[in-house]
Amino acid sequence: MKTCVLASIVSLVLAAPVWAQDGAQSEPDAAELLRRDDPDNTVTRGPLSSQPGSVVVLRGLDKVTARTRDFEVAIGDTVQFGALSITAQYCRKRPPEETPETYAFLQINDRRTDGFGVDVEGEQVFSGWMFASRPAQNPLEHPVYDVWVVDCRA
C-alpha cells in the first residue's frame, strides 16, 4: 500500500509541468497545453515536422437514418450535428514522408431539450483525442451518433 502511494506521488511530481522558473514566466494558455499533449510531441521524435491545422474534417453517422455527413470545423469553432455540438480545439496531420496519421482534440456535447423544444443544459459526452487511422481507440460512445476524424487542413 505504501509503495503504491509513493509511486503515485512520484509519478505526479515527475509529470507536473514546470510553468515558471524564478517567477519569470506565466502559466501556459489552453493552446500551449494542447501542444504539450500532442501525441507527436515526444522526446524520441524530436521537433515536429508539421504545423497544426486550422480546419478539421469530420464524418458523422446518424445510426437511426443510416446517413453520413462530412463537415468541416474551424479550430475553436462549434458545429451542430443532429443533437451534438462539436467543438474542435486542435488538429494535426503528419507529412506524407512519415507514417500517415491525422488526429484532433474534440469536445462533444449532447444538447438536451425540455420536451417543448427549448434547449436546456446539455451533457459533455466526449472530450479527447480522436485518430483517423484508429477510430476505435477513442470513440464517441453515443446511442444515436458516431463521429470520427477524416482530415486536418491548414
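Up top you'll find the structure we're talking about.
Criteria and cut-off values
- Sequence order as written defines residue numbering, which begins from 1 separately in each chain.
- Two thresholds apply to this predicted model, a pLDDT of at least 70 for residue-level local features and 80 or more for giving and counting side-chain atom pairs, whereas whole-chain, interface and lining totals are computed over all residues.
- The side-chain numbers reported here are obtained from all heavy atoms of the structure, hydrogens and water having been left aside.
- Helix and strand labels come from DSSP, where a helix needs a run of H or I of at least four residues and a strand needs a run of E of at least two; each type is numbered from the N terminus.
- Using a 1.4 Å probe on the protein chains alone, a residue whose accessible area is under 20% of its type maximum counts as buried, one over 50% counts as exposed, and one in between counts as partly exposed.
- Note on definitions: a residue-residue contact is assigned when non-hydrogen atoms from the two residues lie within 4.5 Å.
- Using a 1.4 Å probe, accessible areas were evaluated by the Shrake-Rupley method; residue-level cover was limited to the displayed protein chains.
- Note on definitions: salt bridges are taken to be side-chain nitrogens of Lys or Arg within 4 Å of carboxyl oxygens of Asp or Glu.
- Strand pairing is assigned whenever DSSP detects at least two bridges linking the two strands.
- Here an angle of 0 to 180 degrees is reported between the N-to-C directions of two axes, which are lines fitted to C-alpha atoms, with helices fitted over the stretch in contact.
- Nine residue types can take part in a nonpolar core, namely buried Ala, Val, Leu, Ile, Met, Phe, Trp, Tyr and Cys, and a core is a set of them joined through side-chain atoms within 4.5 Å.
- For the purposes of this analysis, a disulfide is any pair of cysteine sulfur atoms at a distance within 2.5 Å.

A. Summary view of the overall build of the chain. A count of helices and strands for the chain gives two helices and seven strands. Taken from N to C terminus, the helices and strands of the chain fall in the order α-α-β-β-β-β-β-β-β. The burial tally for the chain puts 30% of its 154 residues in the buried class. Sequence separation of at least 24 residues holds for 48% of the intrachain contacts in the chain that already meet a minimum separation of 6. Carbon and sulfur atoms make up 54% of the accessible area of the chain, which amounts to about 10,000 Å² in all.

B. A look at the pattern of salt bridges. Applying the stated criterion across every chain yields a total of six salt bridges. Residues Asp146 and Lys63 are paired through a salt bridge, measuring 3.5 Å at the closest nitrogen-oxygen approach. In this pair, Asp146 sits in strand S7 (residues 145–153) while Lys63 sits in the loop between strand S1 (55–62) and strand S2 (67–74), placing the two residues 83 residues apart along the sequence. Classification of Lys63 by relative accessible area gives partly exposed; the value is 39%. One salt bridge connects Asp151 with Lys93, and the closest N-O pair in it is separated by 3.1 Å. Note that Asp151 is positioned in strand S7 and Lys93 in strand S4 (residues 84–93), a separation of 58 residues in sequence. You can call Asp151 buried: its relative accessible area is 15%. Taken together, the shared-partner salt bridges connect Glu72, Lys93, Asp151 and Arg153 into one network.

C. Molecular detail of the sheet that holds S7. Strand order across the open sheet formed by three strands is S2-S1-S7, with antiparallel pairing between neighbours. The sheet terminates laterally at S2 and S7, the two strands that pair on one side only. Averaged over all adjacent pairs, the angle separating strand axes in this sheet is 25 degrees, with direction ignored. In the sheet, S1 pairs with S2 via eight bridges, with the strands oriented antiparallel. By the bridge assignment, Arg59 is partnered in S2 with Asp70.

D. Spotlight on the nonpolar core. Membership of the largest hydrophobic core comes to 20 residues, with the highest contact counts inside it found for Leu58, Leu84, Ile86, Leu106, Ile108 and Val147. For this core, the secondary structure elements donating two or more residues are S1, S2, strand S3 (78–81), S4, strand S5 (102–113), strand S6 (119–131) and S7. Once residues lying within four places of it in the same chain are set aside, the contact partners of Leu84 are Val79, Ile108, Asn109, Asp110, Arg111, Val125, Leu140, His142, Tyr145 and Val147.

E. Expanded view of the state of the cysteines. For the structure on display, the rule yields one disulfide. There is a disulfide in this structure between Cys91 and Cys152, and the S-S distance comes to 2.0 Å. Torsion about the S-S bond of the Cys91 and Cys152 cystine: about 65 degrees, corresponding to right-handed handedness. Of this pair, Cys91 sits in strand S4 while Cys152 sits in strand S7, and the two are 61 residues apart along the sequence.

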